[in-house]
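Understanding the architecture of this molecule
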Amino acid sequence: MSETLSETNLRLWTTDENGAQVLRGLTVEETEWYQEYTEKELAQRLGVSKPWATPEAFEADRTRWRDLNRTHELARAQVIHSDDNKRIAEEEAKPGFKRAKRRY
C-alpha cells in the first residue's frame, strides 16, 4: 500500500484503553463482529458460502454493520479533520508563510 493510502493515513485503527487494537470508534467486541460480518458478506458475494440461513438474518446483521460502519467512519473523519487542522496551523506558523489568494 502506498504511503498516501497507508492504514496509518486512513486512520482505520487505534488502541483502546486496554491496549487492544480496534477499529476507530468501535469496541473490541464490535471490531471482531464487524470483521466477521465483512468476511461472511464477501464469501456470500463470491458465492463461496451462504452464511445466513434467511434473508431476515442477513438484513438484521447488515443493519448492525451499517450502524457500526457509521460510528467507525465518523470517528475516522474526526481524527482526520483534527490532524488536518494541526497540519494547517503548523504551516501557517512557519516564518514567511503567506496565504494563497483564492480565485472564485
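Refer to the structure above for everything that follows.
Here we summarise the structure given alongside this text. (Residues numbered from 1 in each chain as written. Predicted model: local features only at pLDDT ≥ 70, side-chain atom pairs only at ≥ 80, totals over all residues. Heavy atoms only, no water.)

With that settled, the discussion passes to the nonpolar core. For soluble globular proteins, nonpolar side chains are generally found buried alongside one another. Ranked by size, the top nonpolar core spans eight residues in total: Leu23, Leu26, Trp33, Tyr34, Tyr37, Trp52, Phe58 and Leu68. Of all the secondary-structure elements, those providing two or more residues to this core are α2 (28–46) and α3 (55–93). Broken down by element, the residue count for this core peaks at three residues, all from α2. Beyond its immediate chain neighbours, meaning those up to four positions away, Leu26 contacts Thr31, Tyr34, Leu68, Thr71 and His72. (Core = buried A, V, L, I, M, F, W, Y, C linked by side-chain atoms within 4.5 Å. Buried < 20%, exposed > 50% of the residue type's maximum accessible area, 1.4 Å probe, protein only. Helix = DSSP H or I, 4+ residues; strand = E, 2+ residues; numbered from the N terminus. Contact = heavy atoms within 4.5 Å.)

On to α2, then. Compared with an ideal rise of 1.5 Å per residue, which puts 19 residues at 27 Å, α2 spans 27 Å between its outermost C-alpha atoms and is within 8% of the ideal. Of all the residues in α2, the buried ones are Thr31, Trp33, Tyr34, Tyr37 and Ala43. Packed against the buried residues of α2 are β1 (13–15), β2 (21–23) and α3. Looking one or two places after α2, you find Gly47, whose phi comes out positive at around 75°. (Expected span 1.5 Å × (residues − 1).)

To continue, consider a nonpolar patch on the surface. Together, Leu42, Leu46 and Val48 make up a nonpolar patch on the protein surface, roughly 310 Å² of accessible area in all. In this fold, Val48 is placed in the loop between α2 and α3. Val48 gets classed as exposed once you look at its relative accessible area, which sits at 65%. (Patch = residues over 30% accessible without salt bridge, like charges linked within 9 Å, V, L, I, M, F, W, Y side chains within 5 Å. Areas by Shrake-Rupley, 256 points an atom, 1.4 Å probe, with all protein chains shown as cover. Salt bridge = Lys/Arg side-chain N within 4 Å of Asp/Glu carboxyl O.)

Take α3 next. Spanning 39 residues, α3 covers 56 Å between terminal C-alpha atoms, matching the ideal 57 Å at 1.5 Å per step. Taken as a whole, α3 has its buried residues at Phe58, Leu68, Asn69, His72, Ala75 and Arg76.

Turning next to the pattern of salt bridges. The tally for this structure, following the rule as stated, stands at five salt bridges. Its salt-bridge partner being Glu41, residue Arg45 comes within 3.0 Å of it at the nearest N-O pair. Linking Arg45 with Glu41, this pair stays in helix α2, spanning four residues, or about one helical turn. The shortest N-O distance in the salt bridge between Arg70 and Asp67 comes to 3.2 Å.

Our focus in this paragraph is the packing of aromatic side chains. With the rule as written, the count across this model stands at five aromatic pairs. Where Tyr37 meets Trp52, the ring centres are 5.5 Å apart and the plane angle is 55°; that geometry is what we call tilted. With Tyr37 in helix α2 and Trp52 in the loop between α2 and α3, this residue pair connects regions lying 15 residues apart in the sequence. Note on accessibility: Tyr37 and Trp52 belong to one class, buried. One aromatic cluster is present, formed by Trp33, Tyr34, Tyr37, Trp52, Phe58 and Trp65 through successive ring pairs. The ring of Trp33 has Arg64 lying over it, and the distance from NZ or CZ to the ring centre is 4.6 Å. (Phe/Tyr/Trp six-rings, centres within 6.5 Å; stacked < 30°, edge-to-face > 60°. Lys NZ or Arg CZ within 6 Å of the ring centre and 35° of its normal.)

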